[in-house]
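Okay, here's what each chain looks like letter by letter:
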Amino acid sequence: METRPQPTAERPLKALRPNQTNCDEKDEKGRPCWGPLKVWHTAPVEIRQKAPEGMVLYRCQACLTIYYGPPRELPLRRVPRRVSILGW
Ligand SMILES: [Zn+2]
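About the cut-offs
Residues numbered from 1 in each chain as written. Predicted model: local features only at pLDDT ≥ 70, side-chain atom pairs only at ≥ 80, totals over all residues. Helix = DSSP H or I, 4+ residues; strand = E, 2+ residues; numbered from the N terminus. Contact = placed C-beta atoms within 7 Å. Pairing = 2+ DSSP bridges. Buried ≥ 20, exposed ≤ 12 C-beta atoms within 10 Å, placed from the backbone.

Student: Can you explain the overall build of the protein? Please cite residues and give values.
Tutor: The number of helices and strands found in the protein is 1 helix and 4 strands. Looking at the protein alone, contacts between residues at least 24 apart form 52% of all its contacts between residues at least 6 apart.

Student: I'd like to hear about unusual backbone geometry, residue by residue, with values.
Tutor: One non-glycine residue with positive phi stands out, namely tryptophan 34, at about 60 degrees. Tracing the chain through its elements places tryptophan 34 in the loop between β1 (14-15) and β2 (37-39). Positive phi is not limited to glycine here, since leucine 64 has a value of about 65 degrees. Along the chain, the position of leucine 64 falls in the loop between β3 (56-60) and β4 (66-69).

Student: Can you break down the sheet that holds β3 residue by residue, with the values?
Tutor: With respect to topology, 4 strands assemble into an open sheet ordered β1-β4-β3-β2, the strand pairing being mixed. Because the sheet does not close on itself, it has two edges, and the strands there are β1 and β2.

Student: Account for the environment of tryptophan 40, naming residues and giving values.
Tutor: The residue tryptophan 40 is located in the loop between β2 and α1 (45-48) in this model. Under the C-beta neighbour-count criterion, tryptophan 40 is labelled buried, with 20 such atoms within 10 Å. Setting aside chain neighbours within four positions, we find tryptophan 40 in contact with Leu57, Tyr58, Arg59 and Ile66.

Student: Provide a residue-level description of the pairing of β3, including the pertinent values.
Tutor: Taking burial as the measure, the 5 residues of β3 include 4 buried ones, the bulk of the element. Bridge analysis of β2 against β3 gives 3 bridges, and the strand direction is antiparallel. Note on β3: the bridge partner recorded for lysine 38 is arginine 59. Sheet analysis places β3 next to β4, joined by 4 bridges and oriented antiparallel. The residue of β4 that forms the bridge with leucine 57 is tyrosine 68. With antiparallel pairing between neighbouring strands as the criterion, β3 and β4 make up a hairpin whose turn holds 5 residues, including leucine 64 at a positive phi of roughly 65 degrees.

Student: Tell me about the pairing of β4, residues and numbers included.
Tutor: Neither face of β4 is left uncovered, since the one carrying Ile66 and Tyr68 and the one carrying Tyr67 and Gly69 both have all their residues buried. Across 2 bridges, the pairing between β1 and β4 is parallel. Along β4, the bridge assignment pairs lysine 14 with tyrosine 67.

Student: Any details on the environment of cysteine 60? Residues and values, ideally.
Tutor: For cysteine 60, the location among the structural elements is in strand β3. For the pair formed by cysteine 60 and cysteine 23, sequence separation is 37 residues and the distance between their alpha carbons is 6.0 Å. Not counting residues within four places of it along the chain, the set of residues in contact with cysteine 60 comprises Cys23, Glu25, Cys33, Gly35, Leu37 and Thr65.

What follows is the structure in structure tokens.
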């Protein structure tokens, strides 16, 4: 039995806790997801509008739960040069 992620537009946004870098959304059995959260630069406008002004959207790479939080809350991945913040 697999549970399919619901359409993201119907999910409420979760507020990111300070220094939170992994998803803590619990599944039906109460186990946290712990998927990595990544800045979601390509979020649709209607979802972006749900986040408070000045907040950045993050999305769990595992269950696609959407979070919002202040910019640069997550530690940036260290890339020697040509850092892409666009997630390319
Ligand atoms: Zn997750």
